[in-house]
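Each chain, written out:
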Amino acid sequence: MVDTASRAGWHAQHLRHGAARAGHPPSASTRGDRSRLLHEAMRSLDDDDVRRQAQRNPSIVPEDTALNTAWVNDGEGGLRRLAKGEGVEPVLEYGDRRIDAVKRKWHEKAFESTTIVSWVPKSLLREVPNYYPVRDPKTGKKIGDRSRWVMPDDEAGKAEVQRWFVETHKHLTEDVLPGGHDSIHGVVWNYDESAVHVHWMADTLAPLHKDLLVEHPNLLLHDLDGEPVIRYGKPQTLDRIIDISDDGTVAHAPEIRADQIAAIDHEGYLVGDDGQRLRRTTGEEVRASDDLRVEAQQAWGQSSEVTETRVVDGVERKVKITGATKLSRYQEGYREHLLAAGFDVEAEVNPRGTSLAKAAYGASEAERLALSHEQAAVAEAERVAGAEAARIDAELTARAAVLDRREVEVQRKQAYVVAGLKRLDQREAEVETLHRDAAADRSAAASARAQTQADREAWEREEPYLRRRVIEDARAEVEPELRRERDQATANTAAAEAVRREAEQLLETAKAKDADAEELYARVTQIEPFDRAAFEAKMLAQVYLSIKGLRTVYDGRAMSVLDVIELDQRRHRLAGVGDRETWAAYKRRVSGRNSGTGKALTTNPDPESHPDGNPYN
């Protein structure tokens, strides 16, 4: 018979971070793989993806793909439905921001992103019998049909399916993923396959600081058990993980005072005394830090941070929980969670596994149907053989021989199965050994990282003192020389200032002399060159004007001096005197002539004073 029990479980598949790409952010390492997985799951956002995935997966019913819904984390504690034109890019971008917020160097083998698939329990769905043909995996011949499980038609049934999703999402974000709801990149409901199921694209990144209580007024930090948080032998305080301003407010959210912070919750948000997350005036919830850390080992593998107390050799010891144990407990806790919420699911684990991958789910159904068909065929053969045995003993004997051969074949197969189970047990033992070895290696690596961190923090504590000592020693060594150089520079500056003032005085003096020289030159250039001929002509003109009005007595006649001179010159020329006589010679000659009379030249001659009545005679 086909298993129609209502099972509850989920399947997780991880992507390792891989090698860093030079010149690209850390998120670039897995962006291609994440994009491929999202295009497959969120195929309803792209028609090309619908055609491509339908060709690859015969369980997809393309006519129903339009019913699928895809969602992205809205960054405010909820989900936003994606429109067809948006594609998967918003989900990739949200994941990029989360991955790039990890400040420490990524390890290549660390789990970075995780896809989780969970199927809606069959008790909540409506069965469509004989929908898919079942074929023999060896011959390809049809050997039967299998059902398809779709959404119920009534609103109450749909509401119950939605309630299942809410509880499953709550289980994953509170019990499995260290980062809570913020770890969810995107969600997609797929209604177009053999059973309704949901995909989550998530990560195992967690806030750098979480699950802490704050003691006032000293701001000491405690874990959720009330124990003080001690690191490297010192109690930790709130101001060691959050930048507190001098006025007592949070540096990156000044609206919040440090004395308002009562705790830091599991998702890294600041919480007040009332248990509510503190918000900025814009309504935005405030984290202690935007930085994230990788907690894949804490969630899926062995970690020194996740331990439990066990009795080993009669002694209680803290031991690390293996990844297989964690996964088993996750699944058990999920079933208990759904049962407590009132869902009709099986309490025991599925003997064929509760966390089959989606690709294996259809094959598992086909295998179960094939086995059922084979069992029914054997029963029919036995019935026919029994009926004919009563009628034909020979044929019964022959058929008995056939059945014996079949029984031998079945026994052989059973022996083969038993041997396979033994090999499987051996393999599981080997895997467990490998897990233990890997856990030891990881523990050694964690110890080395812790030692490295301790050395780094010790250096960070000593660095300010060492830097201060180096600066003080350098200052003590250099300051005397600097002081001497400064004094010498001051003296040189004073001397240069005196030279500058003297140069300025000399410059002013030179400017003054230059101005005097320019003025003298201007005056000299205004003096015309001496022209003797012009000078003599000018003097003669002045003499002429001076004597023009003078009168004298010449040869008993009153005459003007000019006429006397002209007559006298004529006489001299006739007597052989030179053509020209100077004025000085003429004056001497005339003065000598008139000296006998005792009279000199006058400008106002009196005619009556001379005997002949001529004052110039």
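In this text the structure is predicted, and so the values were computed from the model without any measurement.

**Here's the deal with the sheet that holds strand 7 (residues 184-190)**
- Taking strand neighbours across the sheet as the criterion, the six strands line up as 1-4-8-7-2-3 in an open arrangement whose pairing is antiparallel. Each of the sheet's edge strands pairs with one partner strand only, and the pair in question is strand 1 (10-16) and strand 3 (79-81). Between one strand axis and the next, the sheet turns through 20 degrees on average, direction left out of account.

**Quick look at the pairing of strand 19 (residues 307-312)**
- Pairing of strand 19 with strand 20 (residues 315-320) involves six bridges; the strand directions are antiparallel. By the bridge assignment for strand 20, Thr309 is matched with Lys318.
- Two successive antiparallel strands, strand 19 and strand 20, enclose a turn made up of two residues, where Asp313 displays a positive phi of approximately 55 degrees.

**With respect to the nonpolar core**
- Counting 35 residues, the largest nonpolar core has Trp10, Val120, Trp164, Trp189, Trp200 and Trp300 as its most contacted members.
- Contributions of two or more residues to this core are made by strand 1, strand 4 (111-119), helix 4 (155-176), strand 7, strand 8 (197-203), helix 5 (296-300) and helix 6 (323-340).
- In this view, Trp189 contacts Asn68, Thr69, Trp71, Val120, Val161, Gln162, Trp164, Phe165, Val196, His197 and Val198; residues no more than four positions away in its chain are not counted.
- Counting residues in hydrophobic clusters, the runner-up holds 17 residues, among them Leu212, Leu219, Ile241 and Leu278.

**Some thoughts on the sheet that holds strand 11 (residues 220-222)**
- On the basis of which strands lie adjacent, the open sheet formed by four strands has the order 11-10-16-17 and antiparallel pairing. The sheet is open, and its two borders are formed by strand 11 and strand 17 (270-271), each paired with just one other strand.
- With two bridges joining them, strand 16 (residues 263-264) and strand 17 adopt antiparallel strand pairing. Among the inter-strand pairings, Ala263 is bridged to a residue of strand 17, identified as Val271.

**Structural notes on the packing of aromatic side chains**
- A full pass over the atoms with the stated rule returns eight aromatic pairs.
- The interplanar angle of 50 degrees and the centroid separation of 5.3 Å between the aromatic rings of Phe165 and Trp189 together place this pair among those described as tilted. With Phe165 in helix 4 and Trp189 in strand 7, this pair connects stretches of sequence that are 24 residues apart. You'll find Phe165 and Trp189 in the same group, each marked buried.
- Taken together, the aromatic side chains of Trp164, Phe165, Trp189, Tyr191 and Trp200 make up a single cluster linked through ring pairs.
- Above the face of the Tyr131 ring, Arg148 is positioned so that its terminal group lies 5.1 Å from the ring centre.
- Its end group placed over the ring of Phe343, Arg163 keeps NZ or CZ at 4.1 Å from the ring centre.

**Side note on unusual backbone geometry**
- A cis geometry characterises the amide bond from His216 onward to Pro217, with omega recorded as 5 degrees.
- Position of Pro217 among the secondary structure elements: in the loop between strand 10 (212-215) and strand 11.
- In this structure, Leu219 is a non-glycine residue whose phi angle is positive, near 60 degrees.
- With a phi close to 55 degrees, Tyr232 is a non-glycine residue in the positive phi region.
- Structurally, Tyr232 can be placed in the loop between strand 12 (230-231) and strand 13 (234-235).

**Thoughts on the packing of helix 4 against helix 6**
- At a minimum axis distance of 10 Å, the contact between helix 4 and helix 6 shows a crossing angle of 140 degrees. In terms of orientation, helix 4 and helix 6 fall into the oblique class. Crossing hand, helix 4 versus helix 6: right-handed. Facing Trp164, Glu167, Thr168, Lys170, His171, Asp175 and Val176 of helix 4, the residues of helix 6 in contact are Tyr330, Gly333, Tyr334, His337 and Leu338.

**Observations concerning helix 6**
- Compared with the 26 Å implied by 1.5 Å per residue over 18 residues, the 25 Å span of helix 6 between its first and last C-alpha is a close match.
- For helix 6, the full list of buried residues reads Lys326, Tyr330, Gln331, Tyr334, Arg335, His337 and Leu338.
- Check the buried side of helix 6 and you find it contacts strand 1, strand 4, helix 4 and helix 5.
- Looking one or two places after helix 6, you find Gly342, whose phi comes out positive at around 95 degrees.

**Considerations on the confidence of the model for the protein chain**
- Looking at the protein chain, pLDDT values average 81 and 78% of them are 70 or higher.
- Low pLDDT (under 50) marks residues 595-617, which in the prediction has 42 contacts with non-local residues, meaning those over four places away or in another chain.

**Description of the environment of Asn57**
- Positionally, Asn57 belongs in the loop between helix 2 (47-56) and strand 2 (69-73).
- The spacing of Asn57 and Glu193 is 136 residues in sequence and 9.0 Å in space, taken between C-alpha atoms.
- There is a polar contact of 3.2 Å between the side chain of Asn57 and the side chain of Glu193.

**Some points on the pattern of salt bridges**
- Taken as a whole, this structure holds 33 salt bridges when the rule is applied.
- In this structure, Glu89 engages Arg31 in a salt bridge whose closest nitrogen and oxygen atoms are separated by 2.6 Å. Here Glu89, found in helix 3 (residues 89-100), pairs with Arg31, found in helix 1 (residues 31-41); they are 58 residues apart in sequence, far enough to count as distant.
- Residue classification places Arg31 among the partly exposed residues on the basis of a relative accessible area of 25%.
- Salt-bridge contacts for Arg51 lead to Asp48; the nearest nitrogen and oxygen are separated by 2.2 Å. Pair noted here: Arg51 and Asp48 are both in helix 2, with a separation of three residues, about one helical turn.
- Residue classification places Arg51 among the partly exposed residues on the basis of a relative accessible area of 48%.
- Salt bridges sharing common partners tie together Arg31, Arg34, Glu89, Asp96 and Glu112.

**A look at the packing of helix 1 against helix 3**
- It is at 10 Å that the axes of helix 1 and helix 3 come closest, and there the two elements cross at 145 degrees. Relative to helix 3, the crossing made by helix 1 is right-handed. Residues Arg31, Arg34, Ser35 and Leu38 of helix 1 touch helix 3, and the partners they reach there are Glu89, Val91, Leu92, Glu93, Gly95, Asp96 and Ile99.
- Of the residues that constitute the contact of helix 1 with helix 3, the class distribution is four nonpolar, two polar and five charged.

**Topic: a negative patch on the surface**
- Residues Asp74, Glu76, Glu284 and Asp290 make up a contiguous surface patch of negative charge.
- Its location among the elements puts Glu76 in the loop between strand 2 and strand 3.
- Glu76 gets classed as exposed once you look at its relative accessible area, which sits at 71%.

**Considering the environment of Arg146**
- By the element assignment, Arg146 lies in strand 6 (residues 142-150).
- Put simply, Arg146 and Tyr131 are 15 residues apart on the chain and 5.9 Å apart in space, counted from C-alpha to C-alpha.
- Within polar-contact distance, the side chain of Arg146 engages the side chain of Ser59 at 3.1 Å.

Scoring rules and cut-offs
Residues numbered from 1 in each chain as written. Predicted model: local features only at pLDDT ≥ 70, side-chain atom pairs only at ≥ 80, totals over all residues. Heavy atoms only, no water. Pairing = 2+ DSSP bridges. Helix = DSSP H or I, 4+ residues; strand = E, 2+ residues; numbered from the N terminus. Axes fitted to C-alpha atoms, helices over the stretch in contact; angles between N-to-C directions. Core = buried A, V, L, I, M, F, W, Y, C linked by side-chain atoms within 4.5 Å. Buried < 20%, exposed > 50% of the residue type's maximum accessible area, 1.4 Å probe, protein only. Contact = heavy atoms within 4.5 Å. Phe/Tyr/Trp six-rings, centres within 6.5 Å; stacked < 30°, edge-to-face > 60°. Lys NZ or Arg CZ within 6 Å of the ring centre and 35° of its normal. Parallel < 35°, antiparallel > 145°, perpendicular 65-115°, else oblique. Left-handed = near helix turned anticlockwise from the far one by under 90°. Expected span 1.5 Å × (residues − 1). pLDDT = per-residue confidence, 0-100. Polar contact = N/O pair within 3.5 Å; in protein donor to acceptor, adjacent residues only side chain to side chain. Salt bridge = Lys/Arg side-chain N within 4 Å of Asp/Glu carboxyl O. Nonpolar A, V, L, I, M, F, W, Y, C, P; charged D, E, K, R; others polar. Patch = residues over 30% accessible without salt bridge, like charges linked within 9 Å, V, L, I, M, F, W, Y side chains within 5 Å. Areas by Shrake-Rupley, 256 points an atom, 1.4 Å probe, with all protein chains shown as cover. Lys, Arg positive; Asp, Glu negative; His and termini not counted. Charge placed at Lys NZ, Arg CZ, Asp CG, Glu CD.

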